[in-house]
Amino acid sequence: MAPPTAPTKRLPASIWALGFVSLLMDVSSEMIHSLLPVFLVTTLGVSMLAVGLIEGAAEATALMLKVFSGVLSDWWGRRKPLAVLGYGLGALSKPLFAMAPTVGLVVTARLIDRVGKGIRGAPRDALVADLAPPGMRGAAFGLRQSLDTVGAFVGPLLAMGLMLLWANDFRAVFWVAVIPAALCVALLLVGVREPERAASAVRTNPIRRDNLRRLSSAYWWVVALGAVFTLARFSEAFLVLRVQQGGLPLAWTPLVLVLMNVVFALGAYPLGKLADSTRHTTLLAWGLVALIAADALLTFSDRGVVAWLGIALWGLHMAMTQGLLATMVADTAPADLRGTAFGMFNLVSGVALLVASGLAGLLWDRLGASATFGAGMLFATLALAGVLVQSARHGRTPKPPDPQG
């Protein structure tokens, strides 16, 4: 292992493979998800509140399940088998969207897909932290997030092209999404090698009281901050619905996620590298400024340059904060509790996301779209205040020593 003063300059092949696994699954998922809100509203006739509750419940299911898979991966000492199971469930859910005649089967498919995401999420993130060379965690998480996000804009582009080619045939596009999902599982099986567990390692219950006490106050501050972030950043489905409300044709609605994710993908890796050498609270604060500006623009406009600039700023905020929050979780948790730490972080964020998406849909139905984005701006401002207070007190999020790298 290279000494901390001279970290390895190249990321391991398995981290690249995990990035491409994420890319393929996101191509598949976003081909469906970029069209799903409009499909639900225009084809199946559901309300905005129902869209918010479906999106919130699906994402919250994924995030809350991460705590159990994370704990299991710490106890077992194996991350990859759980990742394979999770990605496998995601792949198996894709045909259900194409076959769904009613909203009930759509909800079932969405929940199965998110159960898979919940199973794979914390073990995969812990695996990235396990594989990353010393001093390169920010770069590792940024690379995986960047490749993941490439998939998140390639998917909507494919969806848009196929919708134009096939005269708005939602179900045909959903069938095509099955292919990259299957390729994703195959790449994970053959392309990712998990580090060997130390022969001397002893299995213990990660959620025993004495183990949980090892999660520091710095870690719990990151958890609390992540929850407020999530309240401010409700489901991207509402971005799609905002510009569709402004007159964007159905076939072109995937452009919303394309723009957001292009900005996200371009920024995630360089900003992840920057997180290895700069104050975390500074990047978080600027990320929240970008989110506040995005919400403000989308509060006042649903079309034209103003709305599209708001979507781009939303993507910039994601690039500045999502990999960074994962890096902060890894930095503030002991190596043998990383799966549990990511799971706890995502459990709290999952509850917040359910509340955020339900509230966003309710405000939209009762008061209009401007109220939804105005509420997001308010929560983002509260999160920014918390980050600035933390920065003034500590200067930088403290990092406990991590002898296991």
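The shown structure was predicted, so the numbers you read here are calculated from the model rather than taken from an experiment.

(A) The arrangement of the pattern of salt bridges in detail. According to the stated counting rule, one finds nine salt bridges in the structure shown. With its nearest N and O atoms 2.8 Å apart, the salt bridge here joins K94 to D113. One end of the pair, K94, is in helix α4 (residues 80-99); the other, D113, is in helix α5 (residues 103-131), with 19 residues separating them in the sequence. Note on accessibility: K94 and D113 belong to one class, buried. Of the charged contacts, one joins R114 and D113 as a salt bridge, the two residues approaching to 2.6 Å between their closest N and O atoms. There is no split in this pair, since R114 and D113 are both buried. Residues joined in a network through salt bridges with shared partners are D74, R79, D130 and R338.

(B) Seen up close, the side chain of H33. Along the polypeptide, H33 turns up in helix α1 (residues 13-33). Exposure remark for H33: the relative accessible area of 12% places this residue in the buried category.

(C) Region of the structure containing the packing of α5 against helix α15 (residues 338-367). Contact pair α5 / α15: the axes reach a minimum separation of 8 Å and the direction vectors enclose 135°. On the basis of their axis angle, the class for α5 and α15 is oblique. Crossing geometry of α5 relative to α15 is assigned as right-handed. When α5 is examined against α15, the residues A122, D125, A126, A129 and D130 are found in contact with a partner set consisting of R338, G339, F342 and G343. When its residues are assigned to classes, the contact of α5 with α15 shows four nonpolar, two polar and three charged.

(D) Examining the nonpolar core more closely. Residues L284 and W314 are the most contacted members of the largest nonpolar core, which totals 113 residues. Among the elements that take part in this core, helix α14 (residues 304-332) stands out by supplying 13 residues, more than any other. When neighbours within four sequence positions are excluded, L284 is seen to be in contact with W221, L225, F229, T321, L324, L325, M328 and V387.

What counts, and at which threshold
- Residues numbered from 1 in each chain as written.
- Predicted model: local features only at pLDDT ≥ 70, side-chain atom pairs only at ≥ 80, totals over all residues.
- Heavy atoms only, no water.
- Salt bridge = Lys/Arg side-chain N within 4 Å of Asp/Glu carboxyl O.
- Helix = DSSP H or I, 4+ residues; strand = E, 2+ residues; numbered from the N terminus.
- Buried < 20%, exposed > 50% of the residue type's maximum accessible area, 1.4 Å probe, protein only.
- Axes fitted to C-alpha atoms, helices over the stretch in contact; angles between N-to-C directions.
- Parallel < 35°, antiparallel > 145°, perpendicular 65-115°, else oblique.
- Left-handed = near helix turned anticlockwise from the far one by under 90°.
- Contact = heavy atoms within 4.5 Å.
- Nonpolar A, V, L, I, M, F, W, Y, C, P; charged D, E, K, R; others polar.
- Core = buried A, V, L, I, M, F, W, Y, C linked by side-chain atoms within 4.5 Å.

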